[in-house]
Amino acid sequence: MQATQTPKVTVFSAAVIVAALGYFVDIYDLILFSIVRVQSLKDLGIIDKAEVTNQGLFLINMQMGGMLVGGILWGILGDKRGRLSVLFGSILLYSLANLANGFVTSVEQYAWLRLIAGIGLAGELGAGITLVSESLPKEKRGYGTMVVATVGVSGAMLAYWVGEQLGWRNAYFVGGGLGLALLLLRVSVFESGMFQQVQAQTEVARGNFLSLFTNGARFGKYLRILLIGVPLWFVVGILVTLAPEFGRELGLTGEVTAGLAVFWCYFGLVFGDFISGALSQLWHSRNKALLVFLAFCAVLVAVYLFAIKGASPTVFYAVCFVLGMSVGFWALFVTVAAEQFGTNLRATVATTAPNFARGSVVLLVPAFKYLSSQFGFVPGAAILGGVSLLMAFWAVSTLPESYGKELDYVEE
């Protein structure tokens, strides 16, 4: 089919800036619960340490379950109604949900609002990466998504600072307010030209989620993409979120907090996302950069679990920082997802893939509980991490290279 004449825009175009700021607020709200988990549950009357852990995992599962539902919903809407409608609709929903989070008085209310917030949080990144990928020339789109990621993941550091300084309720109010303020930038962003051309072709089916499973080659490619993102959420959802519990198991010389562990992990992610995106451009290969970072992650998971027993909290946080760098391939992963599929399915894939990867925590948590009950807390984590990394290595090794790929085509 005839190529779309996408406007030649710079890496710092309005689409890139708004997507980056949207992801900043997305990460702020996504990670905020991990930071305020212990204090918010204690304020709601949960005192026992084991119960804090159990209720915290329950709330994480509610949030991630919402992201699974939202990933499908927003992905389909992104291909049917447009990238911008999802970008700003999702921001509105999670902003309102997080404002409401500041008023909760029970764990039940907290759970339902984390579910709704999760649905909202599911849409922003995929829509933003899709819009940026379709707006920038093929030789620049890796740099555009690198900017989105580098700015976006720093939202976790703001979440930590606000949570520590203003308290958990005010932290939710700030997150909701930031999201609503971001909606004012809607007027500066234009819809993707590629999407508009496909939208005009009424015979082309758009956003058909089930079509990902009805074609063997297409499903195999989609499955490989999903597996690439699982190690990151093993690190964030298990190792970092449960930092206090791992600190006790590792016999650290002092107490560590989940909030500070998340802060240092995401500080590392800022550098990791920048480096992985830059390497994929310099090497002209997404897959080579992903394989290097997965190997880096495997080394750091081993260090975290087996090399810092009896260490100080300072050493632990330093390892969290480098561990964060090692999983700093999140935007690269979403970019690869967007580049692997045609315009009529691109938003569906780029939105569902990161949310299914995030939502893998729903499976990782019970798997970790089972393995830790059978083999011990640390060995159980090692087994789960090893399996996740091996599957990701296989996925990248067998996925077609997508650097420099023309994106103006549709899936039949």
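Residues numbered from 1 in each chain as written. Predicted model: local features only at pLDDT ≥ 70, side-chain atom pairs only at ≥ 80, totals over all residues. Heavy atoms only, no water.

### Structural notes on the pattern of salt bridges
At step 1: Counted by the stated rule, this structure contains 7 salt bridges.
At step 2: Notably, a salt bridge pairs Arg83 with Glu134, separated by 2.7 Å at the nearest N-O pair. Highlighted residues: Arg83 in helix H3 (residues 83-101) and Glu134 in helix H5 (residues 124-135), separated in sequence by 51 residues.
At step 3: A salt bridge links Lys138 to Glu406; its shortest N-O distance comes to 3.0 Å. Remark: Glu406 occurs in the segment after helix H18 (377-397) and Lys138 occurs in the loop between H5 and helix H6 (141-153); sequence separation between them is 268 residues. (Salt bridge = Lys/Arg side-chain N within 4 Å of Asp/Glu carboxyl O. Helix = DSSP H or I, 4+ residues; strand = E, 2+ residues; numbered from the N terminus.)

### Brief notes about the packing of aromatic side chains
Within a pair of aromatic rings, the relevant descriptors are the distance that separates the centres and the angle that separates the planes.
At step 1: In the structure shown here, the tally under the stated rule is 26 aromatic pairs.
At step 2: Aromatic side chains Trp264 and Phe267 sit 5.8 Å apart centroid to centroid with 50° between the ring planes, which places their arrangement in the tilted category. Pair noted here: Trp264 and Phe267 are both in helix H12 (residues 258-282), with a separation of 3 residues, about one helical turn.
At step 3: Judged by relative accessible area, Trp264 falls into the partly exposed class, the value being 29%.
At step 4: One aromatic cluster is present, built from ring pairs that chain together Tyr160, Phe263, Trp264, Phe267, Phe271 and Phe321.
At step 5: Taking NZ or CZ as reference, Lys288 lies 5.9 Å from the ring centre of Trp283, over its face.
At step 6: Taking the ring centre of Tyr409 as reference, the NZ or CZ of Arg346 above it sits at 5.9 Å. (Phe/Tyr/Trp six-rings, centres within 6.5 Å; stacked < 30°, edge-to-face > 60°. Buried < 20%, exposed > 50% of the residue type's maximum accessible area, 1.4 Å probe, protein only. Lys NZ or Arg CZ within 6 Å of the ring centre and 35° of its normal.)

### Topic: the environment of Ile383
At step 1: One can find Ile383 in helix H18.
At step 2: Here Ile383 falls in the partly exposed class, since its relative accessible area comes to 34%.
At step 3: Between the alpha carbons of Ile383 and Leu158 there is a distance of 33 Å; along the sequence they are 225 residues apart.
At step 4: Leave out the neighbours within four places in its chain, and Ile383 touches Leu371 and Phe375. (Contact = heavy atoms within 4.5 Å.)

### Things to note about the nonpolar core
At step 1: Counting 136 residues, the largest nonpolar core has Trp233, Leu239, Tyr266 and Phe316 as its most contacted members.
At step 2: The residues contacting Phe316, other than those within four sequence positions of it, are Ala243, Leu250, Leu252, Val256, Ala261, Tyr304 and Ile308. (Core = buried A, V, L, I, M, F, W, Y, C linked by side-chain atoms within 4.5 Å.)

### Description of the confidence of the model for the protein
At step 1: A residue-level look at the protein finds 97% of positions with pLDDT of 70 or above and a mean pLDDT of 87.
At step 2: Here helix H9 (residues 193-199) is the element of the protein with the lowest mean pLDDT, 77, and helix H13 (residues 286-306) is the one with the highest, 97.
At step 3: pLDDT under 50 marks residues 1-8. Its contacts with residues more than four places away, or in other chains, come to 18 contacts. (pLDDT = per-residue confidence, 0-100.)

### With respect to the side chain of Asn287
At step 1: Checked against the element boundaries, Asn287 lands in helix H13.
At step 2: We classify Asn287 as buried; its relative accessible area is 10%.
At step 3: For Asn287, the contacting residues outside a window of four places in its chain are Val396, Leu399, Pro400 and Glu401.

### Details of unusual backbone geometry
At step 1: The residue His284 is not glycine, and still its phi comes out positive at about 55°.
At step 2: Here His284 lies in the loop between H12 and H13.

### What to know about the packing of helix H1 (residues 14-43) against helix H8 (residues 168-182)
At step 1: Closest axis-to-axis distance for the H1/H8 pair is 9 Å, and the angle between their directions is 165°. Taken together, the axes of H1 and H8 are roughly antiparallel relative to one another. The two elements H1 and H8 meet at a crossing, and its hand is left-handed. Where H1 approaches H8, its residues Leu21, Gly22, Val25, Tyr28, Asp29, Leu32, Phe33, Val36, Gln39, Ser40 and Asp43 are matched on the opposing element by Trp168, Ala171, Tyr172, Val174, Gly175, Gly176, Leu178, Gly179 and Leu182.
At step 2: Broken down by class, the residue content of the contact of H1 with H8 amounts to 12 nonpolar, 6 polar and 2 charged. (Axes fitted to C-alpha atoms, helices over the stretch in contact; angles between N-to-C directions. Parallel < 35°, antiparallel > 145°, perpendicular 65-115°, else oblique. Left-handed = near helix turned anticlockwise from the far one by under 90°. Nonpolar A, V, L, I, M, F, W, Y, C, P; charged D, E, K, R; others polar.)

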